[in-house]
Amino acid sequence: MSRAPSSNGSYDLITLGLVAVDVLIRLPQTIEHDGKQFVEDLVIQGGAPVGSAVSAVGRLGFRCATVAKLGDNTISDIAREQFRRSKVDLGLIVNDPSAQPAIALVQIDPKTAARTVFIQMDHYGYVRPDEVPAHEISKARVLLVDSYDLDATEAALRAAARGPCRAVLDFESGDPDRMKELLAFSDDAILPLATAETLSGEGEPAEVLRVLSGITSARLLVTDGANGSWALDDGQILHQPALPVEAIDTTGCGDAYHAGYVVGLLLGVGLRRRMEIGAWLASIVATRVGGRQALPWRGELEALIRDDLSDGLIQLVKEHRL
Ligand SMILES: Nc1ncnc2c1ncn2[C@@H]1O[C@H](COP(=O)(O)OP(=O)(O)OP(=O)(O)O)[C@@H](O)[C@H]1O
Ligand SMILES: [Mg+2]
């Protein structure tokens, strides 16, 4: 059962962004071309940045919903079912019979974990700005958006600004000028280093953060895979190392990082702890193929506690029975 809004009618987290169904395969060590091979790691699951992030937060027991346009077709059914399974409420889904999510075919190199992605977006269901549920968003505690449809994203950010809702961004690609404009509407912008470099014209995380702080008062963070993440805090640069794991597939690490950060916001903890929760969830996701297979459920994190976590985070997990 998905979780409907709380008694005061609001969600902990609403997300808006790309919806995709991923078909992932970790290629075998040797490929028999023009042949048939049995493989171990071949999965179909929901994907896309905010889709996986909202699933992560839903599994950890928070009231979540996602805004998306889905239709009357098999791929939409898979996307819906995947959200439902992660306890994401479907109440904000816009129905349009012909709309379909993106389909992503992801090939993972077994030696390097490098990913090759093919995406098909015919019949994609873009959410129009007037279909964005402004009232629900303004009442929610957190909004998480991406940059795949900046008109809908802008409508959602404007709605968040009308209420207490904290707006978090995950911008991967899109028109740079428009992305810069929208940075100013957000409260927390967590950007992969490549996007942050494009927007700032700088190459080093510290410089990138300083330049971007000139165009937004948002809390700024950048992530850079196994090199970890950085944040600007009162003029100081904080670094959160990635937590070492034997990485099988890093698809969805960024999404899980955002989810962990949002969980930290919902639990009311400070920036350092939010970064640590993000890095921890991301490291868990890296241990299995795809962005959702390894996402923990509420009650499962305690068994995943590791020696290099801070005492504060261990206490938080125990206190909230995460
Ligand atoms: N190989 C890894 N091992 C452990 N942690 C990782 C690894 N790769 C990424 N992470 C964690 O995930 C965080 C986000 O990763 P990354 O910068 O790759 O995000 P991204 O580019 O948005 O990824 P995606 O959108 O594909 O999920 C990193 O800051 C780090 O904490
Ligand atoms: Mg990402």
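Above this text sits the structure in question.
Here we summarise the structure given alongside this text. Because the structure is predicted, anything quoted here is derived from the model rather than measured.

Reading the values: rules and limits
- Residues numbered from 1 in each chain as written.
- Chains lettered and ligands numbered in written order.
- Predicted model: local features only at pLDDT ≥ 70, side-chain atom pairs only at ≥ 80, totals over all residues.
- Heavy atoms only, no water.
- Helix = DSSP H or I, 4+ residues; strand = E, 2+ residues; numbered from the N terminus.
- Rg over C-alpha atoms; globule rule 2.2 N^0.38 Å.
- Buried < 20%, exposed > 50% of the residue type's maximum accessible area, 1.4 Å probe, protein only.
- Contact = heavy atoms within 4.5 Å.
- Areas by Shrake-Rupley, 256 points an atom, 1.4 Å probe, with all protein chains shown as cover.
- Lys, Arg positive; Asp, Glu negative; His and termini not counted.
- Charge placed at Lys NZ, Arg CZ, Asp CG, Glu CD.
- Axes fitted to C-alpha atoms, helices over the stretch in contact; angles between N-to-C directions.
- Parallel < 35°, antiparallel > 145°, perpendicular 65-115°, else oblique.
- Left-handed = near helix turned anticlockwise from the far one by under 90°.
- Nonpolar A, V, L, I, M, F, W, Y, C, P; charged D, E, K, R; others polar.
- Near = heavy atom within 4 Å.
- Polar contact = N/O pair within 3.5 Å; in protein donor to acceptor, adjacent residues only side chain to side chain.
- 1 Å grid on protein atoms, 1.4 Å probe; cavity = no way out; pocket = protein on both sides within 12 Å on 5 of 7 lines; lining within 4 Å.
- Sits in = over half its atoms within 2 Å of the grid points.
- Points joined across faces, edges and corners; volume = space filled by probe spheres on them.

### Focus: the overall build of the protein chain
- In terms of helices and strands, the protein chain carries 10 helices and 14 strands.
- A globule of 322 residues ought to have a C-alpha radius of gyration of about 20 Å, and the protein chain, at 19 Å, matches this closely.
- When its C-alpha atoms are laid out on the principal axes, the protein chain stretches across 60 × 45 × 45 Å.
- Classification of the 322 residues of the protein chain by burial places 54% in the buried group.
- Sequence-distant contacts, at least 24 apart, represent 65% of the contacts inside the protein chain between residues at least 6 apart.
- For the protein chain, the computed accessible surface area is about 14,200 Å², with 48% contributed by carbon and sulfur atoms.
- For the protein chain, the distance from the average site of its 31 positive side-chain charges to the average site of its 44 negative ones is 7 Å.

### Re the packing of helix α6 (residues 193–200) against helix α7 (residues 205–212)
- Contact pair α6 / α7: the axes reach a minimum separation of 9 Å and the direction vectors enclose 50 degrees. With respect to their mutual orientation, α6 and α7 come out oblique. Between α6 and α7 the crossing geometry is left-handed. Touching Leu193, Ala196, Glu197, Leu199 and Ser200 of α6 are Pro205, Val208, Val211 and Leu212, all from α7.
- Taken together, the residues of the contact of α6 with α7 break down into seven nonpolar, one polar and one charged.

### Topic: the site of ligand 1
- Near ligand 1 there are 21 residues, and of these Glu172, Thr223, Gly225, Gly228 and Gly254 occur at the shortest range.
- Interatomic distance of 3.3 Å between a backbone N/O atom of Asp224 and an oxygen atom of ligand 1.
- Interatomic distance of 3.2 Å between a backbone N/O atom of Cys253 and an oxygen atom of ligand 1.
- Compared with its free state, where it exposes 640 Å², ligand 1 has 86% of that area covered by protein.
- More than half of the atoms belonging to ligand 1 lie within 2 Å of the grid points that define the largest pocket.
- When contributions to the shell around ligand 1 are tallied by element, the ones reaching two or more residues are α8 (253–267) and α9 (271–285).
- With four residues, the single largest contributor to the shell around ligand 1 is α8.
- Taken together, the residues of the shell around ligand 1 break down into 10 nonpolar, seven polar and four charged.

### Remarks on the layout of surface pockets
- As a volume, the largest pocket reaches approximately 1,000 Å³.
- What lines the largest pocket is a set of 45 residues, among which Arg115, Thr250, Gly252, Cys253 and Gly254 lie closest to the centre.
- Contributing elements (two or more residues each) for the lining of the largest pocket: β2 (20–26), α1 (49–59), β7 (102–108), β8 (115–120), α6, α8 and α9.
- Of the residues forming the lining of the largest pocket, the biggest block, five residues, is contributed by α8.
- Of the residues assigned to the lining of the largest pocket, the class counts are 25 nonpolar, 14 polar and six charged.

Keep in mind these numbers describe shape, not what the thing actually does.
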